[in-house]
Amino acid sequence: MLKGKKILIGISGSIAAYKIPMLVRLLKKEGAEVKIVMTPVSCDFVTPLTLSTLSQQPVLIEPYNKVDGSWNSHVDWGRWADLFIMAPVSANTLAKMAAGIADNLLTTTYLAAKCPVFFAPAMDLDMFNHPTTKRNIDTLISFGNRLIEPQVGELASGLCGEGRMEEPDVIFQVIKDFFLKINDLSGKKILITAGPTYEAIDPVRYIGNHSSGKMGYAIATEAASRGAEVVLVSGPVSLTISHPGIKLIRVNSAAEMAKECIQVFPECDITIMAAAVADYSVEVPSPVKIKKSENSLTLELTKTKDILSELGKMKKSGRFLVGFALETNNENYNAVQKLTNKNLDLIVLNSLKDEGAGFGGDTNKVTLLSKNGKNIDLPLQSKAKVAVQIIDAILSKDTTL
Ligand code: CTP
């Protein structure tokens, strides 16, 4: 199934580089064309000769050939590839990619690449958990690069923890899945909401919630990378996103979110409401800052429009509507009620009882409940992986799209 696919592998300086020959073999056996670009340091971990023999292509390391002065074009290689897989990515190369530093052939090729980029970090656990590394990974994801998460395991330092590059057979499967699903949402328009809403109390204060927007943004990234035209209506979050397939509309309040969603919904094949919309807003927000002159303060709250219910009423046949349910008790019962009452096709249930699930973090544990009675319990995993499975479930025949 990879016959004729052009795959560029970028190797940086990490002990995990010794596993790349196995990846090259797997790709070649499936018929892919493989080219490899390496940093000079990575050649201490795996030899260019091994890699050029397996790939049947010259391996590039330096920007130019010192013997005859000829130039190795990073632009040509970056444009040649259907997919660029950076594996392993050291902390140093990760930082350069995030900052746009182009001081070797690998990082210049990365900057010039036009194709989707996957990156598989490999480093010691403390380096991996450093806030700089976390920030760099988030930055790369916000640019549309796809993370192949490192695993927990024994590391070269002898320590045990997160930072071990994913195994070659799993990376190989990620590549195969990519080509399998590459355009399975092409021609579909998808509305996605994300983040909290802020309901003004006065010009400086608001009622909000802890939603980070990460789940909705992960779904938007996944949908766009599978060829969908995405409209992402986002409440106030600190996340950024840049993908040519995503139109980002920023809103503050539930009323603003409702207006945008109701306008775009009729054009959309699929709608996924991941936002944590406020259920109540202040009846009459103060036009000026409220002074602390009284001992107590009462705010009159009024119910906001339930956007999802409105969309459920507007839904035409052949359209697919997905809601989220954040529950603390009677989880399944409450989620099924929402699924039915809001005329949904699928609901994604988050239970706050599950550690690592819900707001804020990078992981989530959800159950998917479809209107035809199917339940899929997913394990605790990254929000990016949850996003893949939500999209897969929408497209699967089981959920009657
Ligand atoms: N939702 C919405 N508009 C609202 C409130 C919620 O569109 N005003 C959507 C959310 O985006 C989510 C789903 O409805 O997809 C369920 O949200 P949730 O907060 O779990 O449930 P509510 O319907 O608000 O009910 P409750 O708070 O009573 O559990």
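Located above this text is the structure these notes cover.
Report follows, based on the coordinates.

Reading the values: rules and limits
Residues numbered from 1 in each chain as written. Predicted model: local features only at pLDDT ≥ 70, side-chain atom pairs only at ≥ 80, totals over all residues. Heavy atoms only, no water. Near = heavy atom within 4 Å. Polar contact = N/O pair within 3.5 Å; in protein donor to acceptor, adjacent residues only side chain to side chain. Nonpolar A, V, L, I, M, F, W, Y, C, P; charged D, E, K, R; others polar. Salt bridge = Lys/Arg side-chain N within 4 Å of Asp/Glu carboxyl O. Buried < 20%, exposed > 50% of the residue type's maximum accessible area, 1.4 Å probe, protein only. Helix = DSSP H or I, 4+ residues; strand = E, 2+ residues; numbered from the N terminus. Arc of directions from axis to C-beta. Contact = heavy atoms within 4.5 Å. Pairing = 2+ DSSP bridges. Patch = residues over 30% accessible without salt bridge, like charges linked within 9 Å, V, L, I, M, F, W, Y side chains within 5 Å. Areas by Shrake-Rupley, 256 points an atom, 1.4 Å probe, with all protein chains shown as cover. Lys, Arg positive; Asp, Glu negative; His and termini not counted.

As for the site of the ligand
Reasoning step 1: Taken together, 16 residues form the shell around the ligand, and within it Met 273, Ala 275, Leu 308, Phe 324 and Lys 342 come nearest.
Reasoning step 2: A distance of 3.0 Å is found between a nitrogen atom of the ligand and a backbone nitrogen or oxygen belonging to Ile 307.
Reasoning step 3: One nitrogen or oxygen atom from the main chain of Leu 326 is found 3.2 Å from an oxygen atom belonging to the ligand.
Reasoning step 4: In the shell around the ligand, the residues fall into nine nonpolar, two polar and five charged.

Some details on the pattern of salt bridges
Pairs can form between side chains of opposite charge once their charged atoms are near each other.
Reasoning step 1: Per the stated rule, a full pass over the model turns up 17 salt bridges.
Reasoning step 2: Between Glu 222 and Arg 226 there is a salt bridge, with the nearest N and O atoms lying 2.9 Å from each other. The same class applies to Glu 222 and to Arg 226, which are both buried.
Reasoning step 3: Across the pair Lys 315 and Asp 345 runs a salt bridge whose closest N-O atoms are separated by 2.9 Å. Placement of the pair is Lys 315 in the loop between helix 11 (307-314) and strand 16 (320-327) and Asp 345 in the loop between helix 12 (331-341) and strand 17 (346-351), with a sequence separation of 30 residues.
Reasoning step 4: On the basis of relative accessibility, which here comes to 17%, the residue Lys 315 falls in the buried class.
Reasoning step 5: Through salt bridges with shared partners, a single ionic network connects Lys 181, Asp 184, Glu 222, Arg 226 and Asp 392.

Regarding helix 2 (residues 48-55)
Reasoning step 1: Those residues of helix 2 not exposed but buried are Leu 51, Ser 52 and Ser 55. Seen end-on, helix 2 carries its buried residues on one side only, within an arc spanning 95°. Residues Leu 49 and Thr 53 are exposed on helix 2 and point more than 90 degrees away from its buried face.
Reasoning step 2: Tucked inside the fold, the buried residues of helix 2 contact strand 1 (6-11), helix 1 (20-29) and strand 2 (33-38).
Reasoning step 3: With its phi angle positive at about 60°, Gln 56 sits one or two positions after the end of helix 2.

So, the pairing of strand 8 (residues 189-194)
Every other side chain in a regular strand lies on the same face of the sheet, so the side chains alternate between the two faces.
Reasoning step 1: Among the six residues in strand 8, six count as buried, and that is most of the element.
Reasoning step 2: Neither face of strand 8 is open: one carries Lys 189, Leu 191 and Thr 193, the other Ile 190, Ile 192 and Ala 194, and all of them are buried.
Reasoning step 3: Bridging between strand 8 and strand 11 (residues 229-234) involves six bridges; their strand directions are parallel. Looking at strand 11, one finds that Ile 192 is bridged to Leu 232.

A short note on a nonpolar patch on the surface
Reasoning step 1: Taken together, Ile 15, Tyr 18, Val 41 and Phe 45 make up a surface patch of nonpolar side chains, about 390 Å² in accessible area.
Reasoning step 2: Position of Tyr 18 relative to the elements: it lies in the loop between strand 1 and helix 1.

Details of the side chain of Asp 124
Reasoning step 1: With respect to the helices, strands and loops of the structure, Asp 124 is situated in the loop between strand 4 (117-121) and helix 6 (125-129).
Reasoning step 2: One buried charged residue, Asp 124, remains without a salt bridge, the closest side chain of opposite sign being Arg 164 at 11 Å.
Reasoning step 3: A polar atom in the side chain of Asp 124 sits 2.6 Å from the side chain of Ser 157.
Reasoning step 4: In contact with Asp 124, other than residues within four places in its own chain, are Leu 155, Ser 157, Leu 159 and Glu 162.

By themselves, these observations are geometric and do not establish any function.
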